[in-house]
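Chain and residue survey
Each chain, written out:
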Amino acid sequence: MGPHPAVAAIRLAVRRVLHDVLTELTDHPRTPSGGIPRADRLTGAGTPPLVLVACSGGADSMALASALAFEAPKLGIRAGGITVDHGLQAGSDLRAAEVVARMTALGLDPVESVAVRVGRDGGPEAAARDARYGALDDAADRLGAVAVLLGHTRDDQAETVLLGLARGSGIRSLSGMPEVSGGAGRRSHRYRRPFLQVDRQTARKACMVQSLAVWDDPHNMDPAYTRSRLRHEGLPALEKALGKGVVEALARTAQLSRDDADALDAWAAEAEGGVRDEDGRLECAKLYALPPAVRRRVLRRAVVAAGSPAGSLFARHIEEVDRLITGWRGQGAINLPGRVEAQRQGGRLVIRQG
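Residues numbered from 1 in each chain as written. Predicted model: local features only at pLDDT ≥ 70, side-chain atom pairs only at ≥ 80, totals over all residues. Heavy atoms only, no water.

A word on the sheet that holds strand 3 (residues 111-115)
- Ordered in space as 3-2-1-4-6-5, the 6 strands form an open sheet in which the pairing is mixed. What marks the edges here is a single partner per strand, and that holds for strand 3 and strand 5 (180-181).
- As judged from the 2 bridges shared by strand 5 and strand 6 (residues 191-192), these two strands associate in the antiparallel manner. Across the sheet, residue Ser181 finds its bridge partner in strand 6, namely Tyr191.
- Helix-sheet contacts for helix 4 (residues 92-105) involve strand 1 (50-54), strand 2 (78-85) and strand 3, and the interaxial angle to strand 2 is about 170°. (Pairing = 2+ DSSP bridges. Helix = DSSP H or I, 4+ residues; strand = E, 2+ residues; numbered from the N terminus. Contact = heavy atoms within 4.5 Å. Axes fitted to C-alpha atoms, helices over the stretch in contact; angles between N-to-C directions.)

Structural notes on the side chain of Asp155
- By secondary structure assignment, the location of Asp155 is in helix 6 (residues 154-166).
- Buried charge without a partner: Asp155 forms no salt bridge, and the closest opposite charge is Arg200, 4.4 Å away.
- Ignoring any residue separated from it by four or fewer positions in sequence, one finds Asp155 in contact with Asp199, Arg200 and Val247. (Buried < 20%, exposed > 50% of the residue type's maximum accessible area, 1.4 Å probe, protein only. Lys, Arg positive; Asp, Glu negative; His and termini not counted. Salt bridge = Lys/Arg side-chain N within 4 Å of Asp/Glu carboxyl O.)

Section: the environment of Val161
- Topologically, Val161 is positioned in helix 6.
- With sequence-adjacent residues up to four places away left out, Val161 is seen in contact with Leu174, Gly176, Leu250 and Ala254.

A closer look at the sheet that holds strand 9 (residues 340-345)
- Strand order in the open sheet made by the 4 strands is 7-10-9-8, with antiparallel pairing throughout. Strands with a single pairing partner mark the edges of an open sheet, and in this sheet they are strand 7 (282-283) and strand 8 (334-336).
- Relative to strand 10 (residues 348-353), strand 9 runs antiparallel, the two being bridged by 6 bridges. Across the sheet, the residue bridging to Gln343 is Val350, located in strand 10.
- Helix 12 (residues 292-305) contacts strand 7, strand 8, strand 9 and strand 10 of the sheet and is inclined by roughly 35° relative to strand 10.

Structure, rendered in structure tokens:
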């Protein structure tokens, strides 16, 4: 008799991601059967690659930790875990120690708890996220991990799409969280989200049938947080009005939007070279001839390249720069985040730090 369907679902999701990690790590094609050799057979002698799970102790991440602990050894991969203590609640250090003990009991090694100081920039949720990813990056670098698995589910994806919609953001925001993400260079494929096609209830059921203790973060129930209100009030109201299937539809919207956004980004990258003069300056007439979605992407790329932080650059900023192309009336320079300014001079768009 096989595992419970919920357990089978989470293990399959993790197995697929580990296969992808090994394929990219070794640049080795899949076998005709769809499988892949063990890591030690691909990389030869030496230390097997390490994959970490970011675990808060909640149902999603505990289910992920259990699946990683089960699947990784079969592929010759070392499996470890990291829990981040944000220090935002009394006894958070004790809670982190409990999570470390639970991951160790699953057979993960190495396992660490990392304490962080949460700032205030961008609001409490954004500040906590920034601190968490900073700690995960540092741990992955220090331990030499080839990937870090995150427990975001299909429900989280649906919430992310709705938050982007409420902000009036563009298609990139509506594309939600990618399955693979990271920073620049070797970090570009660091973070993996195996559960984006798995619903939250399946992860919780997998923990229940495996008798895994989980911790429900009270912040997830606190109406002071936007995502919490959306989870417990907004999405249920949508399902009541529109019927079941809203979460699945929003997750599907995210994937379709991501495909479109990727195509437009590629188009913009290709078009950028053709709208610059011999000195590399952007020509307004050529920019005007581009489709708006492509032109705004070219402008955003140029603003970020000039030193404006991508995380602080919003659609309204790019719209103001775009008016220098489409609604030119002799207006002055546009001030942008990062002390960057954009202005039109002699038919050219000049973007630089002031």
